[in-house]
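Fold and contact review
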Amino acid sequence: MLRRYAGPSHAGERLMLAYVSRRLYHAIIVVLGITLVTFLLQHAIASGTTLARAMLGPRANSLSIDAFVRQYGLNQSLPDQYWKFLWQLAHGNLGYSYKLHRSVDSILARDLPHDLLLVGVGLVVAIAIAIPLGITQAYRRGTLFDHGATAVSFFLYSMPSFWLGLLLIQLLAVNWSIFPAEAPQGTSLGDPRALVLPIATMTLVTYALFSRYMRSSAIDTLACDFIRTARAKGASNLRVLLWHTLRNSLAAVVTLVGLSLPALFTWGVVVEYVFNYPGTGLTFYNAAVTDDYPLELGIIVLVGVAVVVGNLMADIGYAVLDPRIRYD
Amino acid sequence: MTDAAVSKVLGGDVVVADLLPPSGGGLVRRIAAEVRADKSALIGLTLVVFVLLFSFVGPLVYRTDQVHTNVVIANLAPSSQHLLGTDDLGYDIVGRLMAGGQSTMEIALAVALLATTVGAIWGSLAALTGGALDSVMMRAVDVLLGIPGLFIVIFLATAVKPDVWTLIGVIAVISWLVPARLVRGESLAIRTLSFVEASRGFGARKDWMLRRHIVPNAIGVIVVNATFQVATAVLLLAYLSFLGFGLPPPTASWGGMLSTGLNNMFNGYWWEIYPAGIMVVITVIGFNLLGDALRNILDPRLQER
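Residues numbered from 1 in each chain as written. Chains lettered and ligands numbered in written order. Predicted model: local features only at pLDDT ≥ 70, side-chain atom pairs only at ≥ 80, totals over all residues. Heavy atoms only, no water.

Further remarks concern the overall build of chain B. Across its full length, chain B carries 14 helices and zero strands. For chain B, the N- to C-terminal ordering of α and β elements is α-α-α-α-α-α-α-α-α-α-α-α-α-α. Contacts spanning at least 24 positions in sequence make up 69% of the contacts within chain B whose residues lie at least 6 apart. Accessible surface computed for chain B: about 14,300 Å², of which carbon and sulfur atoms make up 66%. (Helix = DSSP H or I, 4+ residues; strand = E, 2+ residues; numbered from the N terminus. Contact = heavy atoms within 4.5 Å. Areas by Shrake-Rupley, 256 points an atom, 1.4 Å probe, with all protein chains shown as cover.)

All right, on to the overall build of chain A then. Along its length, chain A carries 13 helices and four strands. Burial status across chain A gives 46% buried among its 328 residues. The contacts in chain A between residues at least 6 apart in sequence include a share of 71% that link residues at least 24 apart. (Buried < 20%, exposed > 50% of the residue type's maximum accessible area, 1.4 Å probe, protein only.)

Residues and elements named next belong to chain A. Counted according to the given criterion, the structure contains 12 aromatic pairs over all chains. Their ring planes at 35° and their centres at 6.2 Å tell us that W83 and W87 sit as a pair that is tilted. With W83 and W87 both in helix α4 (residues 78–90) and four residues apart, the pair spans about one turn of that helix. The exposure class of W83 is exposed, given its relative accessible area of 55%. Overall, the relative accessible area of 48% leaves W87 in the partly exposed class. When the ring centre of Y157 is taken as origin, the NZ or CZ atom of R212, which lies over that ring, is 4.2 Å away. (Phe/Tyr/Trp six-rings, centres within 6.5 Å; stacked < 30°, edge-to-face > 60°. Lys NZ or Arg CZ within 6 Å of the ring centre and 35° of its normal.)

For the rest of this paragraph, the subject is the pattern of salt bridges. Side-chain pairs of opposite charge can arise where the charged atoms are in close proximity. All names here are of chain B. Applying the stated rule across the entire model yields seven salt bridges over all chains. Here R139 makes a salt bridge to D142, at a shortest N to O gap of 2.9 Å. Here R139 and its partner D142 are both found in helix α7 (residues 131–146), three residues apart, which amounts to about one turn of the helix. Across the pair R181 and D142 runs a salt bridge whose closest N-O atoms are separated by 2.6 Å. Taken together, the positions of R181 in helix α10 (residues 177–191) and D142 in helix α7 put the pair 39 residues apart, joining distant regions of the chain. Through salt bridges with shared partners, one network takes in R139, D142 and R181. (Salt bridge = Lys/Arg side-chain N within 4 Å of Asp/Glu carboxyl O.)

Our next topic: the confidence of the model for chain B. Residue and element names in this part refer to chain B. When the pLDDT values of chain B are averaged, the result is 79; 86% of them are 70 or greater. For chain B, helix α1 (residues 3–10) is the element with the lowest average pLDDT, namely 43, and helix α9 (residues 164–175) is the one with the highest, namely 89. Across residues 1–23, confidence stays below pLDDT 50; counting only partners more than four residues off in sequence or on other chains, it has 18 contacts. Reported confidence for the predicted complex is 0.81 by ipTM and 0.82 by pTM. (pLDDT = per-residue confidence, 0-100.)

What follows deals with unusual backbone geometry. In most cases, non-glycine residues show a negative phi, while peptide bonds are predominantly trans. Residues and elements named next belong to chain A. Positioned with a positive phi, N276 is a non-glycine residue whose angle comes to about 55°. Take N276: its relative accessible area is 29%, and that puts it in the partly exposed class. Positioned with a positive phi, D291 is a non-glycine residue whose angle comes to about 55°. Owing to a relative accessible area of 28%, D291 belongs among the partly exposed residues under this scheme.

All names here are of chain A. Those residues of helix α3 (residues 62–71) that fall on the buried side of the exposure criterion are I65, F68 and V69. The buried residues of α3 occupy one face: seen down the axis, they fall within an arc of 100°. Exposed and facing more than 90 degrees away from the buried side of α3 are L63, R70 and Q71. At the exit of α3 stands G73, carrying a positive phi of roughly 65°. (Arc of directions from axis to C-beta.)

Moving on, we come to the nonpolar core. Judged by nonpolar contacts, the single largest core of 154 residues is most densely connected at A:F162, A:W163, A:L166, B:I154 and B:F242. Apart from the residues within four sequence positions on either side, A:F162 is in contact with A:V270, A:V274, B:A238, B:Y239, B:F242 and B:L258. (Core = buried A, V, L, I, M, F, W, Y, C linked by side-chain atoms within 4.5 Å.)

Attention now goes to the environment of B:P249. Residue and element names in this part refer to chain B. Of note, P249 is situated in the loop between α12 (206–242) and α13 (254–263). Here P249 falls in the exposed class, since its relative accessible area comes to 68%. Taking the C-alpha atoms as reference, P249 lies 9.4 Å from V67; in sequence the two are 182 residues apart.

Here we come to the confidence of the model for chain A. The share of residues in chain A with pLDDT of 70 or more is 91%, and the mean pLDDT across the chain is 80. The least confident element of chain A, judged by mean pLDDT, is strand β1 (residues 2–4) of chain A at 49; the most confident is helix α12 (residues 280–289) of chain A at 89.

With that settled, consider the interface of chain B and chain A. Contacts between chain B and chain A engage 39 residues on the former and 46 residues on the latter. The junction of chain B with chain A conceals about 3,800 Å² of combined surface from both sides, 83% of it contributed by carbon and sulfur atoms. Looking at the side of chain B facing chain A, the largest losses of area belong to B:F151, B:F155 and B:Y239, adding up to 20% of the total buried there. At the boundary of chain B and chain A, one finds zero salt bridges. Across the chain B-chain A interface, the total number found is five residue pairs in polar contact (both at pLDDT 80 or more). No other element matches the 10 residues that helix α14 (residues 274–298) of chain B contributes to the side of chain B that touches chain A. Counted by class, the side of chain B that touches chain A contains 31 nonpolar, five polar and three charged residues. (Buried area = accessible area lost by both parts, 1.4 Å probe. Polar contact = N/O pair within 3.5 Å; in protein donor to acceptor, adjacent residues only side chain to side chain. Nonpolar A, V, L, I, M, F, W, Y, C, P; charged D, E, K, R; others polar.)

Now for the packing of α12(B) against α14(B). All names here are of chain B. Axis separation between α12 and α14 bottoms out at 8 Å; the angle between their running directions is 170°. Relative to α14, α12 is oriented roughly antiparallel. For the pair α12 and α14, contact is made by G220, V223, V224, T227, F228, V230, A231, V234, L235 and A238 and by V280, T283, V284, F287, N288, L290, G291, D292, L294, R295 and L298, respectively. Here the contact of α12 with α14 is composed, by residue class, of 14 nonpolar, five polar and two charged. (Axes fitted to C-alpha atoms, helices over the stretch in contact; angles between N-to-C directions. Parallel < 35°, antiparallel > 145°, perpendicular 65-115°, else oblique.)

Turning our attention to the environment of B:V136. Residues and elements named next belong to chain B. Summarising the element assignment, V136 is placed in helix α7. Overall, V136 belongs to the exposed group, its relative accessible area being 56%. For V136 and A126, which are 10 residues apart along the polypeptide, the C-alpha to C-alpha distance reads 8.9 Å.

The structure is reproduced here in structure tokens:
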């Protein structure tokens, strides 16, 4: 239920606290659900000796398979195994990749900084484009400029992200040889020019997702009473747009970023595959191709938790930043 | 109950039309009017019809061999013999686009139908029962929505032998979630509309309200969402095929064609990059525009325009 918020009060704070704790409780339930689904998926696909054989390879003899099954408790009951899986997760242990002979934690620690760079820079640039463009579109609603910008973002939105990457490679790496087609390899950044195409792809698809929301958010804001009041008080157009509308658009961005994490992770896999970018997405792809189940599951759990936390932040951020709205 | 009787019960100053669901003209007439009035609806319809004709009627007109490889004619540039050239195995690209379109449309339409049906049943059941069962059912949806779809789909796709049926199943596993949430929300919202409350006030039974009010008013949302689901499924299938988890060769798929294109990119074979991507884009744009147009037609709240 939405309730009009009449001003700062203790009752408001209490409601807020109750809302946050209810959302937190809900998030914990969903995270537990995600671990259960992941665990069951794994079991549906390979369990017991099948799993041991998949991990040890086709040349493993029955002796080593038996040893593996006993060592990792694969012959225990499902609830026991799930409890063990949960216990390990609670201690920050996402599993062990028998194919790469490394812990999933260490693999992710290696990959995640690369993802932060790709997704983070892409996100920031996309927002930096989407907000001013959205406000301009809202202000000049119905003009050729507005229609043109809408058409471009609709086209980008309908494009598979990998094809956008292919087009950028074709134009900027093959035809004109301005940027390298492959992302920098290894741990160092290497040639920063090699980062341009993957980040540009990420930026464009993210912009396409955000732009329509930024436009409609700015349109909603411009229709609000306080904008009319500001204008009546003689505020200039620039002040209305920069001060009032921009602030509200920034609040909308918090929600939008939190809710767009699933899309960002999805594009991460595809963009990293296209540009051979050494991040979690590419690692997940390689794990899927090599049937490296523990690595796949570890990444799925991590991504799932990140999405739930993102949703939580979006909900709470929205409630904190928009003083008009309280949930009870 | 006649209008007069309703207005007598509610008092004279209540406008009866406000309480009744908007009726409007015939559906066909409304669709025709919408298509005439809204250029984007016309574009959407045209694109969808084009993709369907191209994929299913095209092969009858433009005959190509999509079974036997022929490396002698591999990677040929577009010519009068091969309108868009050939790929690395000597398949004609236009013919390949048609074959890929068939499998894409079959899978995407089946996914949309399956996912929307399951989602609608799940969502309306949750909304009608309420209570603990509702919570459990919707938490299940939350959990599955918490894991980005492509990750589940890739995980499942590696475990099954990919064919049309398994791909429909794999993509449907994640596609029913959004319709389920949508239909539940819609059912709950419809229950509070004034004409539904009025009929409850007159003593209408639950099943009558479901048949008479909830289903007819939610069907618009369901159909609109099914249209968007087709677009989403086309994209997801393209992702899967591109990453190599789609239909195995020699079956054609747009994503698979683009994967070949990626490998041959530095040879300058642009005809292996552009056509398949354009097909995906126009299919997705077509269904998205069609969905927008259908929403304008079917959503009673948007009809005041």
